[in-house]
Amino acid sequence: MSVESAILLVDKAPGWTSHDVIAYMRGVLKIKKVGHSGTLDPMASGLLILLLGKATKLQSEYLGLPKRYAGQITLGAETDTWDAEGKTVKTAPVPPFGREDLEKVLKELTGKIKQPIPFYSAKKVNGQAMYKKARMGENIERENEIEIYSWDKVALDGNKIEFEVSCSSGTYIRSLAVMIARMLGTAGHLSELRRLSIGDFDVKDALGIDKIK
């Protein structure tokens, strides 16, 4: 099979890194040039746009598209990676709060905001990924400005918050999870994440690795 230029929508499963998917597709399609539209953490599932062949030249255009996610926050414990794959570094009681309290927090986190960049991220500082600096004990605090367009399907279930969020490129959902928990007066981390869409591309139209095989 020869691929000169194509776009492939993949529904990444949890446990796979974005690089795993790219490496796999290189083997399946016998093609060297494979790029993607934005990294998904290993814990996350959902839409990954693969750019094949000459389409890799369009990567910057796809990286800048807005994104939509469905996620879950677990309150009471914060991890070093700010998601379920990290080690617990802080615990705190969850104070009683209601729907109105949560909606007030989410309103503050709508529009253009600044968010901390997770230490365990691929964001480069002085040419080196932050997660590498974090593993060496070198924690460098950084922020980035993003835009949150909307929060939807927000639900409370004990110490868990479920939500959908539409946001600009460059948004770290695990940062939002930690921010929400702290603003509610407790600790927390992102316990589930699924990317639903990138621009006009929807995960409903994507293929799982099993079907690609």
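Engineer: I would appreciate a short explanation of the overall build of the chain in the present structure.
Structural biologist: From N to C terminus, the chain includes 6 helices and 14 strands. Sorting the 213 residues of the chain into buried and exposed places 47% on the buried side. Across the chain, every contact between residues at least 6 apart in sequence was considered, and the portion connecting residues at least 24 apart equals 70%. In the structure as shown, the chain presents an accessible area of about 11,200 Å², 49% of it carried by carbon and sulfur atoms.

Engineer: Quick question: what am I supposed to make of unusual backbone geometry here?
Structural biologist: For residues that are not glycine, phi is negative in most cases, and the peptide bond is trans in most cases. Its identity is not glycine, yet Trp 82 carries a phi of approximately 70°, on the positive side. Looking at the secondary structure, you find Trp 82 in the loop between strand S5 (77-79) and strand S6 (88-91). Look at Trp 82 and you get buried, because its relative accessible area is 9%. The backbone of Lys 153 sits at a positive phi, close to 50°, despite the residue not being glycine. Note on Lys 153: relative accessible area 65%, which makes it exposed.

Engineer: Can you walk me through helix H5 (residues 173-183) in this structure?
Structural biologist: Structural remark: α-helix, 3.6 residues per turn; residues separated by three or four positions point the same way. Counted residue by residue, H5 has 9 buried out of 11 residues, so it is predominantly covered. For H5, the full list of buried residues reads Ile 173, Arg 174, Ser 175, Leu 176, Ala 177, Val 178, Met 179, Ile 180 and Ala 181.

Engineer: Help me out: how do you make sense of the pairing of strand S12 (residues 188-198) in this one?
Structural biologist: Within a regular strand, the side chains alternate between the two sheet faces. The buried fraction of S12 is high, at 9 of 11 residues. Bridging between strand S3 (residues 45-53) and S12 involves 2 bridges; their strand directions are parallel. Opposite Gly 46, over in S12, you have Arg 195 as the bridge partner. In this sheet, S12 lies alongside strand S4 (residues 67-75) in antiparallel orientation, the contact comprising 9 bridges. The residue of S12 that forms the bridge with Tyr 69 is Arg 195. Where S12 lies against strand S13 (residues 201-202), 2 bridges are found, and the strand directions are antiparallel. Residue pairing across strands places Ser 197 opposite Asp 202, the latter belonging to S13. Count of turn residues in the S12/S13 antiparallel hairpin: 2 residues, of which Gly 199 carries a positive phi of about 60°.

Engineer: Got a minute to help me understand the pattern of salt bridges in this structure?
Structural biologist: Between side chains of opposite charge, pairing is possible as soon as their charged atoms come close. According to the stated counting rule, one finds 7 salt bridges in the structure shown. Note that Arg 68 is salt-bridged to Glu 164, the shortest N-O span being 3.0 Å. Remark: Glu 164 occurs in strand S11 (residues 160-167) and Arg 68 occurs in strand S4; sequence separation between them is 96 residues. As a salt-bridge pair, Glu 164 and Lys 153 come within 3.6 Å of each other at their nearest N and O atoms. Separated by 11 residues along the polypeptide, Glu 164 in strand S11 and Lys 153 in strand S10 (residues 143-157) bring together distant segments of the chain. The network of salt bridges with shared partners includes Arg 68, Asp 152, Lys 153 and Glu 164.

Engineer: What am I meant to see in the environment of Asn 159 here?
Structural biologist: Residue placement: Asn 159 occurs in the loop between S10 and S11. Note on Asn 159: relative accessible area 35%, which makes it partly exposed. Considered as a pair, Asn 159 and Pro 95 are 64 residues apart in the sequence and their alpha carbons are 9.9 Å apart.

Engineer: Where do I start with the nonpolar core in this structure?
Structural biologist: As a rule of thumb, nonpolar side chains are buried together in soluble globular proteins. Core analysis: the biggest nonpolar cluster contains 28 residues, and Ile 148, Trp 151, Ile 161, Phe 163, Ile 173, Leu 176 and Ile 180 have the highest contact counts within it. Sorting the residues of this core by element identifies S4, helix H3 (99-108), S10, S11, H5 and S12 as the ones contributing at least two each. Among the elements that line this core, the one with the most residues is H5, at 6 residues. Residues Leu 50, Leu 52, Ile 209 and Ile 212 belong to the second largest nonpolar core, which totals 13 residues.

Engineer: Whenever I open this one, the environment of Gly 98 confuses me. Can you help?
Structural biologist: Structurally, Gly 98 is set in the loop between S6 and H3. Along the backbone, Gly 98 and Leu 156 are 58 residues apart, and their C-alpha atoms lie at a distance of 8.5 Å.

Reading the values: the criteria
- Residues numbered from 1 in each chain as written.
- Predicted model: local features only at pLDDT ≥ 70, side-chain atom pairs only at ≥ 80, totals over all residues.
- Heavy atoms only, no water.
- Helix = DSSP H or I, 4+ residues; strand = E, 2+ residues; numbered from the N terminus.
- Buried < 20%, exposed > 50% of the residue type's maximum accessible area, 1.4 Å probe, protein only.
- Contact = heavy atoms within 4.5 Å.
- Areas by Shrake-Rupley, 256 points an atom, 1.4 Å probe, with all protein chains shown as cover.
- Pairing = 2+ DSSP bridges.
- Salt bridge = Lys/Arg side-chain N within 4 Å of Asp/Glu carboxyl O.
- Core = buried A, V, L, I, M, F, W, Y, C linked by side-chain atoms within 4.5 Å.

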